[in-house]
Amino acid sequence: MSRPLFPDLPAPVAEAFAVLEQNGCAGYLVGGSVRDRLRGRQPADYDIAVSCEPQKTREIFSDYRCIETGLKHGTLTVVIGGMDLELTTFRKDCAYSDHRHPDEVLFTDDITADLARRDLTVNAMAYRPGEGLRDPFGGRADLRARLIRAVGDPACRFREDSLRILRALRFAAVLDFSVDEETAAAAVSLKGLLSYVSAERIFSELKKLLTGRGAGRILSAFRPVLETALPPLAGYTGAQYVAAAGAAGRMKDPAGAFAALLYFAGPADAEETCRALKTDHAFLKKVSFLCQNAPFTGDKGAALRLKGEVGSAFLCDLRAFCRAMEAPGEAVLTAALQSRLRCLRVRDLALNGRDLARMGFRGPGIGRAQTALLRAVTDGDCKNTPAALRRAAEAFENKEGSP
Ligand code: ATP
Ligand code: MG
């Protein structure tokens, strides 16, 4: 007898199955957990499809804490032993008039119908303890072949819900799989339907895609789809697109990868794209900083001042970015990151504005003197001690104009 696929189901999951069985309902693990387990990975979460209707599920689990937010769509979250488990009634497909959402939610007691409405063969398998694997669309063979393939006719499935186009590319990038030919052709020819997908969903898929192991390859192969999601890419030359896709594939964090992809559009368009996709502010800030500061052509002093301005974390990101872009800057940024110098900002100077005023500096002359002193310290020409700074300041000729 072959080994069970899930020999070590977490206790809360096993408990949910036991409760379902006791009540005459069938439960199946579905989606990501089955896919991950077949790849020998520990699943991140366990989604369970159940044969009973939502109200029945609610009754069966009345002794447990339940969260009913998804009940309309058939999903009940049951908290067992501190674990949130999503139990979703089997659903079958119907019409999708808006290219994004089914017109209605139709329940069924047929697990195969439930699997048929899922997006990709590798996501359309179900496992029931004691029964084994249900794999009506050859997901296991596709996993072995490292292939992303739509369930059924790819064009129909993408027309129903165009988010699936991006999901297909995302899973191909994350799992580092190829995309089946017919699925790839449908993704490209129906790319225009991405206009029906919300900015937030596009961004969330892109973010995952960009940090996938196969991101560079998928970005290179699907330029028409990427251009539709990120319009500034349409203006790239072939060489720029190849460079941007390659660099994005080498970046580990999503904002860095995003910046690499949009780099040749310039900082203003990169920021505008972030705004259009409704990214969070921290993401936009990072994309904008990277696009503005690479390549880094300053010397070590300039790198130290930038470190004072933006902090080590951003400087580290910029170094990774320059490396991925094969742009200059890596060595000097490394030197600044390793430097022990603590005086990186005007406010770190051992001589403050009042000290300078006492020395006779006036008005804008004070700020200019401070900038010049910081430059001297970070360039290694002056120590950050009151005496050394005073000596340096005395050498500045104009105490009111430029130092
Ligand atoms: P992960 O959570 O690791 O990203 P997952 O496979 O669990 O992967 P989810 O987005 O959580 O992905 O979706 C759960 C399952 O629901 C999928 O495996 C798939 O079977 C189905 N699914 C999700 N979105 C769609 C969709 N747009 N069209 C059809 N089926 C979908
Ligand atoms: Mg999931």
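The text that follows walks through the structure, step by step, so that each part is easy to find. Everything numeric in this text was worked out from a predicted model, so none of it was measured.

## A closer look at the site of ligand 1
Phase 1: Around ligand 1, a shell composed of G31, G32, R35, R117, R118, D119, N123, D161, R164, R167, R170 and F171 is seen.
Phase 2: Here an oxygen atom of ligand 1 and a backbone polar atom of G32 are 3.4 Å apart.
Phase 3: Contacts to ligand 1 include R35, whose side-chain N or O atom sits 2.7 Å from an oxygen atom.
Phase 4: Isolated, ligand 1 exposes 590 Å² of accessible area, and the fraction of that covered by the protein chains is 72%.
Phase 5: At the level of secondary structure, the elements contributing two or more residues to the shell around ligand 1 comprise α2 (32-38) and α7 (163-175).
Phase 6: Ranked by residue count, the leading element in the shell around ligand 1 is α7, at 4 residues.
Phase 7: Each of two domains, domain 1 (1-141) and domain 2 (146-290), supplies a minimum of three residues to the shell around ligand 1.

## Observations concerning unusual backbone geometry
Phase 1: Following A294, the chain continues into P295 via a peptide bond in cis, with omega recorded as -5°.
Phase 2: Within the secondary structure, P295 sits in the loop between α15 (281-293) and α16 (300-310).
Phase 3: Of note, R146 is a non-glycine position whose phi angle comes to about 55°, a positive value.
Phase 4: Structurally, R146 can be placed in the loop between α5 (139-145) and β10 (147-148).
Phase 5: Looking at R146, the relative accessible area reads 38%, which means it is partly exposed.
Phase 6: Positioned with a positive phi, K278 is a non-glycine residue whose angle comes to about 55°.
Phase 7: Following the sequence through the fold, K278 ends up in the loop between α14 (267-276) and α15.

Calculation notes
Residues numbered from 1 in each chain as written. Chains lettered and ligands numbered in written order. Predicted model: local features only at pLDDT ≥ 70, side-chain atom pairs only at ≥ 80, totals over all residues. Heavy atoms only, no water. Near = heavy atom within 4 Å. Polar contact = N/O pair within 3.5 Å; in protein donor to acceptor, adjacent residues only side chain to side chain. Areas by Shrake-Rupley, 256 points an atom, 1.4 Å probe, with all protein chains shown as cover. Helix = DSSP H or I, 4+ residues; strand = E, 2+ residues; numbered from the N terminus. Domains from an automatic or database assignment. Buried < 20%, exposed > 50% of the residue type's maximum accessible area, 1.4 Å probe, protein only.

Distances and angles like these do not, on their own, reveal function.
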